[in-house]
Amino acid sequence: VQLQASGGGLVQAGGSLRLSCAASGRTWGSYVMGWFRQAPGKEREFVAAIKWRGGSTYYAHSVKSRFTISKDNAQNTVYLQMSDLEPEDTAVYYCAAGYGVIQSEIRLIRAYDYWGQGTQVTVSS
């Protein structure tokens, strides 16, 4: 199983980035795909998630109006479109996959079985 995250970089406040997470090694239909982030000195936190089957989406309150999670079934890839970025969004962003994650646990790190390597997002003020 491999989750390959990419698309991070340096952007000015107010700018946009799109992260990608290419997933391989599983049939992903029963999985929830999530994005988490970890800023320096802080704990890893939930950002967004999408159910592979059905496409229901979930967001952290802090990003709900600015970020959009989506998927491409044919490419087995999940995206995180980030707009109106703020310096507070600076972090390493990780994609993750969890088998059969129930809705009440979608925001929990422990619900996810596989993790990508992370991609750095830096937002300058």
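Remember, predicted model here, so these are calculated numbers, not experimental data.

1. A closer look at the pairing of strand E3 (residues 17-24)
Regular strands place side chains that alternate from one sheet face to the opposite one.
Turning to step 1, where the next piece is worked out: Pairing of strand E1 (residues 2-6) with E3, which is carried by 5 bridges, proceeds in the antiparallel orientation. Across the sheet, residue Ala5 finds its bridge partner in E3, namely Cys21.
Turning to step 2, where the next piece is worked out: Where E3 and strand E8 (residues 77-82) come together, 6 bridges link them in antiparallel fashion. Counterpart to Leu19 in the pairing with E8 is Leu80.

2. Some points on the environment of Gly118
Turning to step 1, where the next piece is worked out: Mapped onto the fold, Gly118 is located in the loop between strand E10 (114-115) and strand E11 (119-124).
Turning to step 2, where the next piece is worked out: For Gly118 and Asp84, which are 34 residues apart along the polypeptide, the C-alpha to C-alpha distance reads 21 Å.
Turning to step 3, where the next piece is worked out: For Gly118, the residues in contact, after removing those within four places along its chain, are Ala5, Val92, Tyr93 and Tyr94.

3. Comments concerning the environment of Ser83
Turning to step 1, where the next piece is worked out: By secondary structure assignment, the location of Ser83 is in the loop between E8 and strand E9 (91-99).
Turning to step 2, where the next piece is worked out: For Ser83, a relative accessible area of 26% puts it in the partly exposed group.
Turning to step 3, where the next piece is worked out: With 17 residues separating them in the primary sequence, Ser83 and Arg66 have C-alpha atoms 5.2 Å apart.
Turning to step 4, where the next piece is worked out: The residues contacting Ser83, other than those within four sequence positions of it, are Gly15, Ser16, Arg66 and Phe67.

4. Side note on the packing of aromatic side chains
Turning to step 1, where the next piece is worked out: For the structure on display, the rule yields 7 aromatic pairs.
Turning to step 2, where the next piece is worked out: Both rings, one in Tyr31 and one in Tyr114, keep their centres 6.3 Å apart while their planes meet at 40 degrees; by these two values the pair is tilted. Of this pair, Tyr31 sits in strand E4 (residues 31-38) while Tyr114 is found in strand E10, placing the two residues 83 residues apart along the sequence.
Turning to step 3, where the next piece is worked out: A residue is classified by how much of its surface remains accessible, and Tyr31, at 7% relative accessible area, is buried.
Turning to step 4, where the next piece is worked out: The interplanar angle of 80 degrees and the centroid separation of 5.1 Å between the aromatic rings of Phe36 and Tyr112 together place this pair among those described as edge-to-face.

5. What to know about the pairing of strand E7 (residues 67-72)
Turning to step 1, where the next piece is worked out: Relative to E8, E7 runs antiparallel, the two being bridged by 6 bridges. Along E8, the bridge assignment pairs Ile69 with Leu80.

6. As for the pattern of salt bridges
Turning to step 1, where the next piece is worked out: What the rule picks out here adds up to 4 salt bridges.
Turning to step 2, where the next piece is worked out: We note a salt bridge from Arg66 to Glu86, for which the minimum N-O separation is 3.9 Å. Of this pair, Arg66 sits in the loop between strand E6 (57-59) and E7 while Glu86 sits in the loop between E8 and E9, and the two are 20 residues apart along the sequence.
Turning to step 3, where the next piece is worked out: Note on Glu86: relative accessible area 31%, which makes it partly exposed.
Turning to step 4, where the next piece is worked out: Between Asp89 and Arg66 there is a salt bridge, with its nearest N and O atoms 2.7 Å apart.

7. Focus: the sheet that holds E3
Turning to step 1, where the next piece is worked out: The antiparallel open sheet is built from 4 strands, whose spatial order is E1-E3-E8-E7. Each having just a single partner strand, E1 and E7 make up the two edges of the open sheet. Sheet twist, expressed as the average angle between the axes of neighbouring strands with direction ignored, equals 15 degrees.

Here is what the cut-offs are and how they apply
- Residues numbered from 1 in each chain as written.
- Predicted model: local features only at pLDDT ≥ 70, side-chain atom pairs only at ≥ 80, totals over all residues.
- Heavy atoms only, no water.
- Pairing = 2+ DSSP bridges.
- Helix = DSSP H or I, 4+ residues; strand = E, 2+ residues; numbered from the N terminus.
- Contact = heavy atoms within 4.5 Å.
- Buried < 20%, exposed > 50% of the residue type's maximum accessible area, 1.4 Å probe, protein only.
- Phe/Tyr/Trp six-rings, centres within 6.5 Å; stacked < 30°, edge-to-face > 60°.
- Salt bridge = Lys/Arg side-chain N within 4 Å of Asp/Glu carboxyl O.
- Axes fitted to C-alpha atoms, helices over the stretch in contact; angles between N-to-C directions.

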